[in-house]
Amino acid sequence: MSYDEKTSHRERDRSQPAGRQEKMAGLIKEITAEFLSRESTKSSLITVTSCYVSDDMKIAKVGISVFPESLEKTALLFAKRKSRELRDIIKKKVRAKVI
């Protein structure tokens, strides 16, 4: 195997989430969706579209979409305001060393 083949193989491995990361991302995505549907007002539809968990499992980023778009700023302010509460709920429901 040449150097280029080894390098491209390693890059592919890093770009794909590990099984543990994938499971954690799915669980965080599900918990976040439940939380947002329970806590948000029904004036807008907030949908969790994605979740990324870092390699060391210390950082999780959740993507959301908002309908109608005219209420996007309000929904983002709501999500930021409730982020601490969501983090506490995730800590209670997820068994991991670092969150």
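Details of the structure are given in the entry above.
Let me sum up the structure you'll find in this document. Every value quoted in this text rests on a predicted model; they were computed, and no experiment measured them. (Residues numbered from 1 in each chain as written. Predicted model: local features only at pLDDT ≥ 70, side-chain atom pairs only at ≥ 80, totals over all residues. Heavy atoms only, no water.)

1. Describing the nonpolar core
One recurring pattern in soluble globular proteins: nonpolar side chains tend to sit buried together. Met 24, Ile 28, Leu 36, Val 53 and Ile 90 are the most contacted members of the largest nonpolar core, which totals 18 residues. For this core, the secondary structure elements donating two or more residues are α2 (19-39), β1 (45-53), α3 (72-81) and α4 (83-93). When residues in this core are grouped by element, the largest group, six residues, is from α2. Ignoring anything within four residues of it in the chain, the contact list for Val 53 reads Gln 21, Met 24, Ala 25, Ile 28, Ile 59 and Ala 60. (Core = buried A, V, L, I, M, F, W, Y, C linked by side-chain atoms within 4.5 Å. Buried < 20%, exposed > 50% of the residue type's maximum accessible area, 1.4 Å probe, protein only. Helix = DSSP H or I, 4+ residues; strand = E, 2+ residues; numbered from the N terminus. Contact = heavy atoms within 4.5 Å.)

2. Quick notes on unusual backbone geometry
Residues Phe 67 and Pro 68 are joined by a peptide bond in cis, for which omega reads 0 degrees. Looking at the secondary structure, you find Pro 68 in the loop between β2 (60-67) and α3. Despite not being glycine, Met 57 shows a phi value in the positive range, around 65 degrees. In this structure, Met 57 sits in the loop between β1 and β2. Look at Met 57 and you get buried, because its relative accessible area is 11%.

3. A look at the pattern of salt bridges
Counted under the stated rule, the structure contains four salt bridges. Glu 39 is the partner of Arg 38 in a salt bridge, and the nearest nitrogen-oxygen pair spans 3.7 Å. One salt bridge in this structure joins Lys 82 and Glu 39, with 3.4 Å as the shortest N-O distance. Pair noted here: Lys 82 is in the loop between α3 and α4 and Glu 39 is in helix α2, with a separation of 43 residues, a long-range link. Overall, Glu 39 belongs to the partly exposed group, its relative accessible area being 28%. Via salt bridges that share partners, Arg 38, Glu 39, Lys 82 and Glu 85 belong to a single interconnected network. (Salt bridge = Lys/Arg side-chain N within 4 Å of Asp/Glu carboxyl O.)

4. With respect to the side chain of Ser 44
Structurally, Ser 44 can be placed in the loop between α2 and β1. Those residues in contact with Ser 44, other than ones at most four positions away along the chain, are Val 66, Phe 67, Pro 68 and Leu 71.

5. Examining α2
An α-helical turn contains 3.6 residues, so any two residues separated by three or four positions project in the same direction. Between its terminal C-alpha atoms α2 stretches 30 Å, which fits the 30 Å expected from 21 residues at 1.5 Å a residue. Within the sequence span of α2, burial applies to Gln 21, Met 24, Ala 25, Ile 28, Ile 31, Thr 32, Phe 35 and Leu 36. End-on view of α2: buried residues confined to an arc of 140 degrees, all on one side of the axis. Turned more than 90 degrees away from the buried face of α2 sit Glu 22 and Lys 23, all of them exposed. Next to the buried residues of α2 lie β1, β2, α3 and α4. (Expected span 1.5 Å × (residues − 1). Arc of directions from axis to C-beta.)

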